[in-house]
Each structure stands twice: as structure tokens, then as C-alpha cells.
Amino acid sequence: MLEKIAKARNLSRVNNAVKRMISERGESNAVSMADDVVNGYRKLSKDQHVAFFTFLFEKLNPDTDLVMTAAQNFAADSNARNYIRLQRVVESPRQELFRRLNRASEGTAAVVQMRRDLLQVLDKKPELTAVDFDMRHLLSSWFNPGFLKMHRVDWKSPAEVLEKLIQHEAVHAIDGWDDLRRRLQPDRRCFAFFHPQLPNEPLIFVEVALLPEVPAVITPLVDKKAETNDQVSQFKVAAFYSISNCEPGLRGVSMGNFLIKRVAEQLHAEFPGLKTFVTLSPIPGFMDWVAAGANLGQGVPEDRLKPAIKATRDQALATLKLDSQSWTERLSAGWHPDQASEKENEALMSLASIYLGLASTGRDGNPVAKFHLGNGAKLHQINWAGDLSRKGLRQSAGLMVNYLYDLSSVEDNYERFANGEVISSRAVSKLMTA
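Basis of the calculations
- Residues numbered from 1 in each chain as written.
- Predicted model: local features only at pLDDT ≥ 70, side-chain atom pairs only at ≥ 80, totals over all residues.
- Heavy atoms only, no water.
- Phe/Tyr/Trp six-rings, centres within 6.5 Å; stacked < 30°, edge-to-face > 60°.
- Helix = DSSP H or I, 4+ residues; strand = E, 2+ residues; numbered from the N terminus.
- Buried < 20%, exposed > 50% of the residue type's maximum accessible area, 1.4 Å probe, protein only.
- Salt bridge = Lys/Arg side-chain N within 4 Å of Asp/Glu carboxyl O.
- Axes fitted to C-alpha atoms, helices over the stretch in contact; angles between N-to-C directions.
- Parallel < 35°, antiparallel > 145°, perpendicular 65-115°, else oblique.
- Left-handed = near helix turned anticlockwise from the far one by under 90°.
- Contact = heavy atoms within 4.5 Å.
- Nonpolar A, V, L, I, M, F, W, Y, C, P; charged D, E, K, R; others polar.
- Expected span 1.5 Å × (residues − 1).
- Lys, Arg positive; Asp, Glu negative; His and termini not counted.
- Polar contact = N/O pair within 3.5 Å; in protein donor to acceptor, adjacent residues only side chain to side chain.

## Describing the packing of aromatic side chains
Then, in step 1: For the structure shown, the criterion picks out 12 aromatic pairs.
Then, in step 2: Pairing Tyr-41 with Phe-53 gives two aromatic rings, centres 6.2 Å apart and planes at 55 degrees, and the pair type is tilted. Placement of the pair is Tyr-41 in helix 3 (residues 30-42) and Phe-53 in helix 4 (residues 49-59), with a sequence separation of 12 residues.
Then, in step 3: Assessed through its relative accessible area of 0%, Phe-53 is described here as buried.

## Section: the pattern of salt bridges
Then, in step 1: This structure, assessed with the given rule, holds 21 salt bridges.
Then, in step 2: A salt bridge links Asp-412 to Arg-416; its shortest N-O distance comes to 3.6 Å. Highlighted residues: Asp-412 and Arg-416, both in helix 20 (residues 410-418), separated by four residues, approximately one helical turn.
Then, in step 3: The class for Arg-416 is partly exposed, based on a relative accessible area of 33%.
Then, in step 4: Linked by salt bridges that have partners in common, Glu-91, Glu-96, Arg-99 and Arg-100 make up one network.

## What to know about the packing of helix 5 (residues 64-76) against helix 6 (residues 80-90)
Then, in step 1: Look at helix 5 against helix 6: their axes get within 9 Å of each other, and the N-to-C directions meet at 155 degrees. Considering their axes alone, helix 5 and helix 6 lie roughly antiparallel with respect to each other. Two packed elements cross with a definite hand, and for helix 5 against helix 6 that hand is left-handed. On the side of helix 5, the interface is formed by Leu-66, Val-67, Ala-70, Ala-71, Asn-73 and Phe-74, while helix 6 contributes Asn-82, Tyr-83, Arg-85, Leu-86, Val-89 and Val-90.
Then, in step 2: In the contact of helix 5 with helix 6, the residues fall into nine nonpolar, two polar and one charged.

## Regarding helix 8 (residues 107-119)
Then, in step 1: Look at helix 8: 19 Å from first C-alpha to last across 13 residues, which is about the 18 Å you get at 1.5 Å a residue.
Then, in step 2: By the criterion of burial, helix 8 is predominantly enclosed, with 10 of the 13 residues buried.
Then, in step 3: Within helix 8, burial applies to Gly-107, Thr-108, Ala-110, Val-111, Val-112, Met-114, Arg-115, Asp-117, Leu-118 and Leu-119.
Then, in step 4: In this structure, the buried residues of helix 8 make contact with helix 3, helix 4, helix 7 (93-101) and helix 9 (129-142).

## Some details on the side chain of Asp-117
Then, in step 1: By secondary structure assignment, the location of Asp-117 is in helix 8.
Then, in step 2: It is Arg-116 that comes nearest to the buried, bridge-free Asp-117 among opposite-charge side chains, at 6.0 Å.
Then, in step 3: In terms of polar contacts, Asp-117 uses its side chain to reach the side chain of Gln-113, at 2.9 Å.
Then, in step 4: If sequence neighbours within four positions are ignored, Asp-117 has contacts with Tyr-41, His-49 and Phe-53.

Next up, the structure:
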């Protein structure tokens, strides 16, 4: 009972601290009041987060009467004064709250932590999306890539930074310190974005392999026992094989596309012999899409699908026969790319080309493809048996893909993708009607 009363008092103190902070007096005492809110928030239990964010949603909305009046005045006369007035009243007091919280010691980290907690409850409390919108709006400004510092991470980097790479590697798990050491050898590079307020907190990092040729298989790139190649003259290709976000509280804040482009520019300056910049990327969700009937959704409506592509897709689905045996059952029975028939090979490769080349432009398209194609990359090559891990077989039948970053054409490719077109190599395009 006493614990329950104490928790209620903590929540009440935090809410009152918020009210004081956004008052006029709060502007003059912003630092101390921000500390009060941050310290009080940290004392809240997880089950009180919903109550706190609900308070922000219900009590810190724009004044609807002021918004209506300002909107009517601006509609009647769109002069500068009416425009500024409208902007001021439309903005929710929550945004000013978060701006003032940023003045606290470790205030930036506190706001990021709040959003991390908020994201965990959004599914059950969708009305709190308004609070998330305000947070993400400000975080997108605070973590604008123009403010971020890109640093190479190597074996001499602080231990806490290296530990975070091991912890947050999301694509190809790092198996301890020996594995990490191999990924930081002379024929490998790792770069990360850091924020000035969070100097030892990598926000997002990318791992790169320097190679003689475009890779088709992931195993040699992540094998901690692989021999190191220190012959700079053989570095012709930079392969981005993993990109991982370290901070869940920054979900939806765009940083990765800027990081890849900066890394490519720096590597080209360091190694003029590098001519090719590609990824070796997974295809998450591919086999789920195939099992669901390979519908292209918003990418290309069925009535606009070219007959030759439709015929290829339908024949490929018939070859795989997943309506009679699920993909999970097929894998449990021992299916493996090494034993796959030629027809299965052709079917999966064709379906992957259609999935990446057509469905990627839709809202539900493959997230990895949308990321790279939206950065201006080209769909370059689909690789059979590129990832034979259990995860790779389950999500994409072992297929992997290379996206090509041609620094001279990324802007044009970006524009064309924004208009619904995927730029593909001739080899990938041919697979769609194989």
C-alpha cells in the first residue's frame, strides 16, 4: 500500500514539474526545472509511463479556439503577422516542453530515453501517436546529419563503444571480441555517427569489407577466422554488408542514408583504386511474401502487371507448390539450396527479382530494398545461396542481393525511385521474365 502511494506521489510530482516548466517562470529557470522533470521521470515505474504520456497528450495540446481564430485570420489575410501567429498557436506546448528538457544535464539522452519508452506502448495506446509525432519532429532536428560526427571505429576506440557494436549488431551477430577484432582489420572498416551530446554513444554504424570483386556470399565476410588481406592494390570494391541502429528511441529519424554516402566518399578519398560501392544485403520477408501469393500490392496493381511478368510469377509459384507444403515444413524436411532443383532455383530467383524490382515501390515493400533504393542505389545482382544461415534460409531461401551505389547517379536514381521506378541491372530485369 505504501509503495502504491509513493508511486502515485512520484507521478504527481513529475506532472506538476512539467506544468511549472512550461509556464513563463519555467523559461527563466529552465535548467533546474528540466533537471526536476528528468530526475522525476527516471523514478517512474514502467507501468507509469502510459499515465505520464497520457498526461502530456491530454493537457499539452494546442488551444483549439486559438488555432481556429488564427487559421481564419490567416485565410482572410495571409500576411506575415498572421502567418507567425498561426504557427505559434498550432505548435503544441509539448514541443516547447521537450525543447526545455534538452537544457537539462544529459537532457538529450533523457528525451531519447522517453521516446524509447513511448514506442513500447504505442501499439496499445495509439492516441499517444500525437506525443510521438512531437518528439520525432524535434529529434529529427537535433539529430540532423549536419550536426552529427562520423568517426571510424577501430580496435583503439573506447571499450564502451566497441561493446555497443557487439550489442547492437542487428544483421550479422558479432560472436565476441575475436569476431569484432576481425571486423576491424585492415581490409575492413566500421564507421558510426555520434552526436556531440552523446560522445561515446554510436547512433548508427555501418560495416564495410574491402575486396577484389563484388561479393555474392556473406560467410567469408563475417568469418572471424578468415585471413586478412592487407594488399591495398587489391581493394577494388567496398561492400557494405551490415548497417545497424543502436538507439531505438531514434526510430524513424533518418541517418543511415547519409552515413553510407559519407562513408563511400571517405573510402574513395582514402583508396582511389576503389571503383565499386555495393551492399551485400538480406531480403527479409521475401519467403513470407511468396507464401502469401506474391501479390505486388501498391507496387504494381494486378491489372497493370505485364503479362510476361505475371506468367513468370504464376509459373514460379506453381513450381514451388507452397500451397501443399509450407516453407517452414519444406525447411524442416531438409530443403537446402545445394540440393534444390534447377526449376526451383529459377523460380526463386525470378520471384526475388519481381519482389525487389516491382513491389519495393509500394508502402509494404521490402524495408531493406526501400532503404537502399530510396538512397539512390541500383538493384544490381541477386545471389543464389548467399546466406545459408538458418535465418537466411527461413526469410529468403538463402538469397541475398547487391545494391550498387554509383556516386555519379545516386541523385537521379533517388528521383526515379521517388516517382515509382526501380533502377535495375539488365541481369535482374531479365529474371522477371525468365
